[in-house]
Amino acid sequence: MAFCKYKISPRVLRVGAKSTITVEGLDETTLLFDDVDYEVSVMRTDGYKYEEGKDLMQRGRRLVETQVCRPNNGVLAFTYEFDYECEYEIKIARLEGDKHFPERQEKFYSGKRARLTKGFVFRVYALCDDLYEKRPFKSDFHIHTNESDGYDSPELVAATYRKFGYDAICITDHYTMLGSKMAIDKLKDVDSGLKIFPGEEVHPLYGSIFHMLNFNGKSSVNDLYYANPEKADEEIRELSKTFEFPDEQDRMELAYFKWCFDKIREAGGIAVYPHALWTIFGAYNVRTEISEYILKNKMCDAYEVLGGMSKRDNRLSIELLAEIKRNGVDLPIVGSSDAHSVAEHGALHFDDVFSIVFAKDKEQIPEAVINGDTIVVENFDASDKIAHGNFRFVRYAYFLLDQYFGEHDLLCNALGTALIGHVLGDSEQKQAVTRLNKTVTDYEKEFFGF
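Below is a short write-up of the structure.

## Overview of the overall build of the chain
Item 1. When helices and strands are tallied, the chain shows 14 helices and 23 strands.
Item 2. If you line up the chain on its principal axes, its C-alpha atoms span 85 × 65 × 35 Å.
Item 3. Burial statistics for the chain: of 450 residues in total, 52% are counted as buried.
Item 4. Residue pairs at least 24 apart in sequence account for 70% of intrachain contacts in the chain once pairs closer than 6 positions are excluded.
Item 5. Of the side chains in the chain, 56 bear a positive and 76 a negative charge, and the two mean positions are spaced by 6 Å.

If you want it as structure tokens, here you go:
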């Protein structure tokens, strides 16, 4: 948000290609003048080389390259080939401060001239082709509404998520897909930019310990089970015989999980194992031994590594993921809030945790999740977000959290506020939603360059 007085595009570049970046001042304190020389300094944060003839002890790292150019009609354009995937710092400074310096400031504030030659700094990120072609989408795939034990209607939940900068959500009410379908139906004619996926939280046996997410399934696994529970239970008893656990209850527990995960996939959904270390009534809902077996044997498609738990249990869940990886198992991960209210940040988990999914467009988010193109973000303290996942993605994500999502989420705040007005019955807000969504998409195109 430090650069809102400048229009800078693009901020994400392709490695190995010559890229032209344009910079335009947006108010009188940031104007760029056509008759003034500006020095553009590009400094890489990684992948640097050493000056010829210098060794490690001579501080010979070649970090900064400079060029001098002038604006045209107030827009400064410069071309540079970014040849390594990392973050770059760019500084733009006047080479002299005399021109266009107001007389009154010369008389009373002559020391202010020095500020002009100090310039200003912004950051960009260069990506290799595979990641460059994808956008980051802020997402939450575990949400409850008043169609189960949540406090708010599906459409109000969806609108509020857009207000908080979310690009995609999946409503996963207990025992039913109804909440997600209601949100999709009620917002289908509104151009809000929010992608809503169908979903549910699956629970065979009423009041049981079993919790699984059916993300983007075409049909309900809850409905399938409860349409004929006797038949399903018989299938599950047969399935239990395939597990080698000595205890029959353990075999049955694993069989229930496997049956549901398999049925989610048969319904075209992604089977997500949520809140593995959730503590309820003083103990973990599922024994860690069982959770480890589920994850190590990839019974699910993705692991909700953060979400719906205390900070401590979420951190333990991260360590459980590390333990699974030490055993040679690599599972896709998501971070989801398990929100039950959207009253405010942190209210019943809302906005505490989210995923960033890297996909070519919102329709391909499920495929990206399966491919593992995700990172998860702890957002308990919004001023100190913590990202987890693939190091390459995490490094890029910190740039995005610092440089992109701040302004993106502010623009979405206005958009989501209008969308909330629409779902609460203000018929005049629909056009405002369309207009404000265009503002968001324009910002995204400027930032990423496409």
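## What about helix 7 (residues 229–240)?
Item 1. Given a rise of 1.5 Å per residue, 12 residues ought to cover 16 Å, and the 16 Å separating the end C-alpha atoms of helix 7 matches this to within 8%.
Item 2. Every buried residue of helix 7 is accounted for by Ala 232, Asp 233, Ile 236, Leu 239 and Ser 240. Around the axis of helix 7, the buried residues are gathered within 115° of arc, so they sit on the same side.
Item 3. The secondary structure elements touched by the buried residues of helix 7 are helix 6 (221–227) and helix 8 (248–266).

## A closer look at the sheet that holds strand 1 (residues 6–9)
Item 1. The antiparallel open sheet is built from three strands, whose spatial order is 1-3-8. In the strand order of this sheet, the two ends are held by strand 1 and strand 8 (75–81), each with one partner. Averaged over all pairs of adjacent strands, the angle between their axes in this sheet comes to 15°, without regard to strand direction.
Item 2. Pairing of strand 1 with strand 3 (residues 18–25) involves four bridges; the strand directions are antiparallel.

## Considering the sheet that holds strand 20 (residues 333–335)
Item 1. Strand order in this open sheet of five strands is 14-15-16-19-20, and the pairing throughout is mixed. Edge positions in the sheet fall to strand 14 (199–202) and strand 20, since each has one partner strand and no second. Each strand of the sheet is rotated relative to its neighbour by a mean of 30°, with strand direction disregarded.
Item 2. By the bridge criterion, two bridges tie strand 16 (residues 270–273) to strand 19 (residues 302–306) in an arrangement that is parallel. Residue pairing for strand 19: Val 272 is matched across the bridge by Ala 302.

## Looking at the packing of helix 8 against helix 9 (residues 288–296)
Item 1. Remark: helix 8 packs on helix 9, axes separated minimally by 11 Å, with the N-to-C direction vectors making an angle of 40°. Overall, the two elements helix 8 and helix 9 adopt an arrangement that is oblique. Regarding helix 8 and helix 9, the two cross each other, and that crossing is right-handed. Contacts between helix 8 and helix 9 pair Asp 250, Glu 253, Leu 254, Phe 257 and Phe 261 from the former with Ile 290, Tyr 293 and Ile 294 from the latter.
Item 2. For the contact of helix 8 with helix 9, the per-class residue count stands at six nonpolar, no polar and two charged.

## Let's talk about the pairing of strand 8
Item 1. Burial along strand 8 is one-sided: Leu 76, Phe 78 and Tyr 80 are buried, while Val 75, Ala 77, Thr 79 and Glu 81, pointing the other way, are not.
Item 2. Here strand 3 pairs with strand 8 via seven bridges, running antiparallel. Within strand 8, the residue paired with Thr 22 across the bridge is Ala 77.

## Structural notes on the packing of helix 13 (residues 405–423) against helix 14 (residues 429–448)
Item 1. Two numbers describe how helix 13 lies on helix 14: the axes approach to 8 Å, and their chain directions differ by 165°. By the angle between their axes, helix 13 is roughly antiparallel relative to helix 14. Pair helix 13 / helix 14 crosses with left-handed handedness. On helix 14, the residues that touch Glu 407, His 408, Leu 411, Cys 412, Ala 414, Leu 415, Ala 418, Leu 419, Gly 421 and His 422 of helix 13 are Gln 429, Lys 430, Ala 432, Val 433, Leu 436, Asn 437, Thr 439, Val 440, Tyr 443 and Glu 444.
Item 2. Residue classes in the contact of helix 13 with helix 14 are distributed as 11 nonpolar, six polar and three charged.

## Considerations on the packing of aromatic side chains
Item 1. Evaluation of the coordinates by the stated rule reveals 35 aromatic pairs.
Item 2. With a centroid separation of 6.1 Å and an interplanar angle of 85°, the aromatic rings of Tyr 166 and Phe 354 are classed as edge-to-face. On the criterion of sequence distance, the pair formed by Tyr 166 in the loop between helix 4 (154–163) and strand 12 (168–171) and Phe 354 in strand 21 (residues 353–359) is long-range, its members being 188 residues apart. The pair Tyr 166 / Phe 354 is uniform in exposure class, with both members buried.
Item 3. Taking 5.4 Å as the distance between ring centres and 85° as the angle between the ring planes, the aromatic pair formed by Phe 197 and Phe 215 counts as edge-to-face. Taken together, the positions of Phe 197 in strand 13 (residues 195–197) and Phe 215 in strand 15 (residues 212–215) put the pair 18 residues apart, joining distant regions of the chain.

## Re the nonpolar core
Item 1. By size, the foremost hydrophobic cluster in this structure holds 48 residues, and its most contacted members are Tyr 161, Ile 169, Ile 356, Ile 375, Tyr 396 and Leu 400.
Item 2. Aside from chain neighbours lying at most four places away, what touches Tyr 161 is Asp 140, Ile 143, Tyr 166, Ile 169, Ser 337, Ala 339, Val 342 and Phe 350.
Item 3. The next biggest cluster of nonpolar side chains, apart from the first, holds 43 residues, and it includes Val 221, Ile 294, Met 309 and Ile 318.

## Concerning the pattern of salt bridges
Item 1. Enumeration according to the criterion identifies 30 salt bridges in this entry.
Item 2. Residues Arg 265 and Asp 262 are paired through a salt bridge, measuring 3.0 Å at the closest nitrogen-oxygen approach. Taken together, the residues Arg 265 and Asp 262, both in helix 8 and three residues apart, mark about one turn of the helix.
Item 3. Overall, the relative accessible area of 24% leaves Asp 262 in the partly exposed class.
Item 4. Salt-bridge contacts for Lys 263 lead to Glu 266; the nearest nitrogen and oxygen are separated by 3.4 Å.

## Description of the environment of Ile 236
Item 1. Note that Ile 236 resides in helix 7.
Item 2. Note: C-alpha distance between Ile 236 and Ala 432 (196 residues apart in sequence) is 51 Å.
Item 3. The residues contacting Ile 236, other than those within four sequence positions of it, are Tyr 225, Met 252, Ala 255, Tyr 256 and Trp 259.

Conventions used here
Residues numbered from 1 in each chain as written. Predicted model: local features only at pLDDT ≥ 70, side-chain atom pairs only at ≥ 80, totals over all residues. Heavy atoms only, no water. Helix = DSSP H or I, 4+ residues; strand = E, 2+ residues; numbered from the N terminus. Buried < 20%, exposed > 50% of the residue type's maximum accessible area, 1.4 Å probe, protein only. Contact = heavy atoms within 4.5 Å. Lys, Arg positive; Asp, Glu negative; His and termini not counted. Charge placed at Lys NZ, Arg CZ, Asp CG, Glu CD. Expected span 1.5 Å × (residues − 1). Arc of directions from axis to C-beta. Pairing = 2+ DSSP bridges. Axes fitted to C-alpha atoms, helices over the stretch in contact; angles between N-to-C directions. Parallel < 35°, antiparallel > 145°, perpendicular 65-115°, else oblique. Left-handed = near helix turned anticlockwise from the far one by under 90°. Nonpolar A, V, L, I, M, F, W, Y, C, P; charged D, E, K, R; others polar. Phe/Tyr/Trp six-rings, centres within 6.5 Å; stacked < 30°, edge-to-face > 60°. Core = buried A, V, L, I, M, F, W, Y, C linked by side-chain atoms within 4.5 Å. Salt bridge = Lys/Arg side-chain N within 4 Å of Asp/Glu carboxyl O.

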